[in-house]
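# Report on the structure
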Amino acid sequence: MIGKYKHHVILLVLFIFSFCIFVSAVAAKSDSSIPKNKIVALVYDDSGSMWEQSGNVPIDNWKYANYALQSFVALLEKQDQLRVVSMSTPTVPEPIELDEKLRQHEIDQIRTWTGKRNTPLESLHTAINELNKAVDSNKNSDYWLIVLTDGIFNEINHLEPKLTATQIEENKNALFTSLRKLKDKMDQNGASFHSTLIPIESYLSTEELEIMADFKRQWTESSAGNVLVSNGEQDIIQRINEVAALMTNRDPSEQEQFDLHPVWDGNQLFLESPFPLRRITLIEQSALENASFKEFYINKQPIEQGMEGPYKVITPDDPVILHPPIQGTFTHFKNVNGDGMIDKGIYKIVFQKPLSEEQQKSIKILAEPAIDFRVDLKKATGDKNPEVYFTGSKMILEATLLKSESNDEEIDLRDIDVKSLFEVEAEIDRVKLPLKYDSKVNKFIGDFTLPQKEKIPVNVKVNIKGFYQRVKETSIQVNPARKLSLVANTETWRTELDKLNQADPFVITPMVNGKEMSSEELKKVFNKLKVETPSHIKIEKEQKGNQILIYPKSLSPIFRTSVGDVPLHVTLPGQYPNEIAEETFTLNIEDISLLKKYGSVAIKALIWLVLLVYIFGIIIKPRFDKNRISLEYKQSRKRERLRDARGMTENFHTNWFNRWLIPYLAEKKSIGDLTFKADRKKDRVLLVKESQDPNLIVRHEKLEGRSKKADILIYHNDEIQIERSNDHSVYIFKSH
């Protein structure tokens, strides 16, 4: 029976404290630092309905609520501030001392509280006013407004016969207007604000449930607040695991919860964490003697004064005794050295004496992670300037795990099984984006493209399964695509065709949103510049400062170049997505006279023609194959001695000039009284007609009347004889 109602109590013990931490987690903004303290205004229902349901049937809601408030005080840290407004004294915000020396006394005093009065709306106004005053002097805190009630506030309950519908509406408007103003003030001051309504609806009638439903709706709308409903014992038991997880920012959906791997060894408890912690709390719910602690070690280093408590809590005296009393102790272990964080590693808690197995089972270990994370947005190029976040830009989102309350000190995850422990994702404009861990940079990274919207909400969730869960909200201001344009520096550009190559350039200035583009930006995109024209003209382009110089050039020959109006289509893409400047300009090229246009070309063509004719003549010119042909000859004054005369051989060598520079004319060679010229075929020569006479014997036959009529072909071994009165000669042509 005791075990069963332990769950009932633990819910109320952790209900408020855990949910506040949960609210802080899910509503966290993009600021990477965690506020150092909490300022809490708690409206506490001690009305008569907490003691009895309809028909004067006693219930235990008051007892468990009192126990929960005691536990809530035990769980807060000494730098926090707590003011409790009980509904029995709705105008008095009771400050609760959280100093270690005074806290147990405060807990004992809470146990004596009794009320049994109404549920006045004034208690809520008092709590709102307390937070209004507090935020003026301290903006770097977490502000929590918590309302715990099991019924309908008197001033908005239409079941009250004295209230009219108009009065009820005025009362609701006054409350939610105040709540809305508080939320606006917190936002304007940059403070972190969370409102939580915790209605216990177990004993509400149907009509009361309808009133409560409307109240919950307006609560959420006016303060962006949260509602956590308790609907009876079964629901309480079901929610206990969720609340216990949320108390330490753990993921409540995980069946296997992350823990500190507790190992008992005699009077020693060993714990281990791969992450830094803010605090370790041991909660002992037992009717037995409470355990007492002796020493606390962090990575083998003793931490003097590192233990706080134990704070003893117990259900108040119950005159009806519906259920047995519950008692417990809350002991905190912290690092009072350095930055106050408990570094990752192994921890040891030493007890005064060994604990029994039942005592060990009664101890619950809660670890508060000292974890935060930073969200960074940048372009895929690495540019972090929000002014260049344009529609269509490729973006990178990075989530970096940090040690909380530090100066952006990163937590190295390279030695941790990140894949099995972590779930990190972003929601960008309602589209899920998984972030993958990159061990090289020790970050979770995802890439996306900016859609065409003015402002995009971004939520980044980091979940260490069963241990830590937090969502950060931010947004990206998307800049509309810049308007690029191209402006000519002169209205008209004109030049004559023959002066085109020496003309000044056509100058264009690119503009961005009506202002001149910088030379640095133009340099980045100049290689993407395109200048196109359907006309026959050559285009050269150059950058000078922040201007584009276009040089129109003529084609060769010049008459091929287009004249008149020449269109130029210029395209310049920008350095960011969806940016492009396009413009068509017109250049005027004036025509020139036919003599100027074609004269020089005609002269050049004639020179080329002459040169070609000359070269052709050189190529086809007949030449002697001086290495293959020769002429053997003998000369004598007497014919009968010609056979005994000494023979001579003459080659067909000529001078270089005649052989290579005189075109078309066949090469000639004079040997003795004869003159020969080359034939196209290299194994023969021609006996020119000018050196012929009628008495000349060619191939044993006198020429007589055939002489001087035409050149005679002379072949290999052909013999030519010349007979004169005092001179006889014989010539024999040789072709090798």
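Refer to the preceding data block for the structure.
Residues numbered from 1 in each chain as written. Predicted model: local features only at pLDDT ≥ 70, side-chain atom pairs only at ≥ 80, totals over all residues. Heavy atoms only, no water.

## Remarks on the sheet that holds strand E23 (residues 436–438)
The antiparallel open sheet is built from 4 strands, whose spatial order is E19-E20-E24-E23. The two strands at the open ends of the sheet, each matched to only one other strand, are strand E19 (371–379) and E23. Strand-to-strand twist in this sheet, taken as the mean axis angle between neighbours without regard to direction, amounts to 35°. Of the strand pairs in this sheet, E23 and strand E24 (residues 443–449) are connected by 3 bridges, and their pairing is antiparallel. Opposite aspartate 438, over in E24, you have lysine 443 as the bridge partner. (Pairing = 2+ DSSP bridges. Helix = DSSP H or I, 4+ residues; strand = E, 2+ residues; numbered from the N terminus. Axes fitted to C-alpha atoms, helices over the stretch in contact; angles between N-to-C directions.)

## What to know about the sheet that holds strand E28 (residues 494–496)
The sheet built from 4 strands is open, its strands ordered E28-E35-E34-E31 with mixed pairing. A strand with exactly one partner marks an edge of an open sheet, and here the two such strands are E28 and strand E31 (530–532). Going from strand to strand, the sheet's axes swing by 30° on average, the running direction of each strand aside.

## Comments concerning the environment of phenylalanine 351
For phenylalanine 351, the position within the fold is in strand E17 (residues 345–351). Of the residues examined, phenylalanine 351 reaches a relative accessible area of 0% and is grouped as buried. Each C-alpha atom of the pair phenylalanine 351 and phenylalanine 293 lies 4.3 Å from the other, and the pair is 58 residues apart in sequence. Apart from the residues lying within four places of it in its own chain, the contact partners of phenylalanine 351 are Trp264, Asn267, Leu269, Leu282, Ala291, Ser292, Phe293, Lys294 and Ile363. (Buried < 20%, exposed > 50% of the residue type's maximum accessible area, 1.4 Å probe, protein only. Contact = heavy atoms within 4.5 Å.)

## Things to note about helix H5 (residues 165–188)
With 24 residues, H5 ought to run about 34 Å at 1.5 Å a step, and its terminal C-alpha atoms sit 34 Å apart, in line with that. All buried positions along H5 are accounted for by Ile168, Lys172, Leu175, Phe176, Leu179, Leu182, Lys183 and Met186. As for H5, its buried residues are in contact with helix H4 (122–137), strand E7 (142–149), strand E8 (192–199) and helix H6 (206–223). Looking one or two residues beyond H5, the residue adopting positive phi is glycine 190, at roughly 70°. (Expected span 1.5 Å × (residues − 1).)

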